[in-house]
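Architecture at a glance
Residue strings, one per chain:
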Amino acid sequence: MTRIAAGVIDRLGVRLHPTGPGADPRVLLGLALRRNPRRAQLLVSRVLGKHVPTDPRLVRAAGLLLGRLVADALADRPARALPIPVLHAAVEGDRTAIAALHTAAQAGIEEPPDALVLGFAETATALGHCVAEGLGGADVLHSTRRPVPGFATAGGFTEEHSHATDHLLLPADPDLLRGGRPLVLVDDELSTGRTALNTITALHSAAPRERYVVAALVDVRPGDGELAAGVAALGARLDVVSLARGAVELPPDIAERAAALRAELGADPDSDALPARLARTQNATRAHLDWPSGLPAGARHGFGPAHHRTLASALPALADSLAVAAGLRRGERTLVLGTEELMQLPLRLAQTLADAGHDVAFSTTTRSPAVVVDEPGYALTSGIAFPAHDDPADGPGPRFAYNVGGNVDGAVDGAAWDHVLLVVDPPADTPALHTGLLPALAPYTRRTTLVVTP
């Protein structure tokens, strides 16, 4: 059932194998070439909504199912069986399976345990939310790479292989991280476990606890050794859960192969075409969200059980009013595009629009530079590059959106999408947004609506 590319990835020499029960990682993941000397391969999730525009119901269902595995681990009971055939069919694009999977994933959600969920920025901010929802609406916080005035740093850690390595924890209530309740760390993939161990070690020194759970869509660690031994050395218990387990096979000369391929395949995504595309402007309309008072737009500073309930109650009306304000039309293809860490709210809006019958895909922009190759089976067949537009603390730099153009099914009049709903928060609504990302998107959509969160 593998869908790995036969060209670039074969030359890179990377192989992905299933190693245990659960979903087939070759179905959940594609492979691409990073522009990062720390690691050659990029595992591209087909159920995350970060690099691949995906049905938002599939993205949310995967997170809820992961939350169900966490709930079983916290309750010390055998893991409930995953609907693997339905999940595989959903990933392959079966819309009936997508709807059935989302319905199944929402069933059996229990009362929230006394646990804190921590999602890793940028890829697992929405995934952490979904796991917390799968736990019945548990407390959730996500790490961030953006300092926020007025919020003290309660902790931090590093992610060695990432393009942007520093993570901050900025809870509005410092007590959120204290106490002895279990901590659930959520990431899209476990490749070595070092980021999870760095985080646990840093937090344990300030607020020791007896139990940790690490949850990932796919676990491709070469073994349980480093992470398990590190947590055991702290005197704590560790459980690891995932939808799929696999192994990544790398050739001994992977660094040399990757460097040669990067040199051969050129610079950043669409960099040669970027000046011309940025010159092609498109006026974006704005849509207002009638946001509930006191509800955070995400978990950067914490999101609790009452917030989950308020958001779930408000979403149908929010999505309905957004559809009217943006002029969404039945039968049109709409992309809801989040920006970097801002994933959860765009995902839930997209999922609610899809539940209402709109043809919606969900994706987000990213800091991660990767090689784009228009080759069947390769995970990143198109990409756009644009300048950062949120005045980041680590300075300016390029940002990317992958698979938003090119060979998208249903392209009309040369545009991949009839409509793009671009969701940003106020610090990202800057002049650089209007001279960067918005015009970079213009060739790929017939209309654009800008949605600014509270």
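Being a predicted model, the structure only gives us computed values, none of them experimental. (Residues numbered from 1 in each chain as written. Predicted model: local features only at pLDDT ≥ 70, side-chain atom pairs only at ≥ 80, totals over all residues. Heavy atoms only, no water.)

1. Observations concerning the environment of Gly397
Keep this limit in mind: By definition, any uninterrupted DSSP run of H or I lasting at least four residues is a helix, any uninterrupted run of E lasting at least two residues is a strand, and each is numbered from the N terminus. Two residues form a contact once any of their heavy atoms are found within 4.5 Å.
Its place among the elements puts Gly397 in the loop between strand E14 (383-387) and strand E15 (398-402). Put simply, Gly397 and Pro387 are 10 residues apart on the chain and 5.8 Å apart in space, counted from C-alpha to C-alpha. Leaving out residues up to four positions away in the same chain, Gly397 has contacts with Phe386, Pro387 and Ala388.

2. Describing the sheet that holds strand E1 (residues 15-18)
The cut-off we apply is this: When DSSP locates at least two bridges between a pair of strands, those strands are taken to pair. Under this scheme, a helix contributes an axis fitted over its contacting stretch, all axes are lines through C-alpha atoms, and angles between N-to-C directions fall in the 0 to 180 degree range.
Strand order across the open sheet formed by six strands is E1-E10-E9-E8-E4-E5, with mixed pairing between neighbours. The sheet is open, and its two edges are formed by E1 and strand E5 (139-142), each paired on a single side. Neighbouring strand axes in the sheet, compared pairwise and without regard to direction, differ in orientation by 30 degrees on average. Taken together, the eight bridges between strand E9 (residues 211-219) and strand E10 (residues 237-249) define a ladder with parallel strand orientation. Residue Arg211 lies in a different strand from E10, and its bridge partner there is Arg237. Set on the sheet, helix H8 (residues 225-233) makes contact with E9 and E10; between it and E10 the angle comes to about 165 degrees.

3. Focus: the packing of aromatic side chains
How we decide: To pair, rings of Phe, Tyr and Trp, with the six-membered ring standing in for Trp, must have centres within 6.5 Å; the planes then decide the type, stacked if under 30 degrees apart, edge-to-face if over 60, and tilted in the middle. Remark: exposure states derive from per-residue accessible area (1.4 Å probe, protein chains only) relative to the maximum for the residue type, with buried under 20%, exposed over 50%, and partly exposed in between.
Taken as a whole and assessed by the stated rule, the structure comprises one aromatic pair. Taken together, a centroid distance of 6.0 Å and an interplanar angle of 15 degrees make the contact between Phe400 and Tyr402 stacked. Across the pair, Tyr402 and Phe400 agree in class, each one buried.

All we've got here are geometric facts, nothing functional implied.
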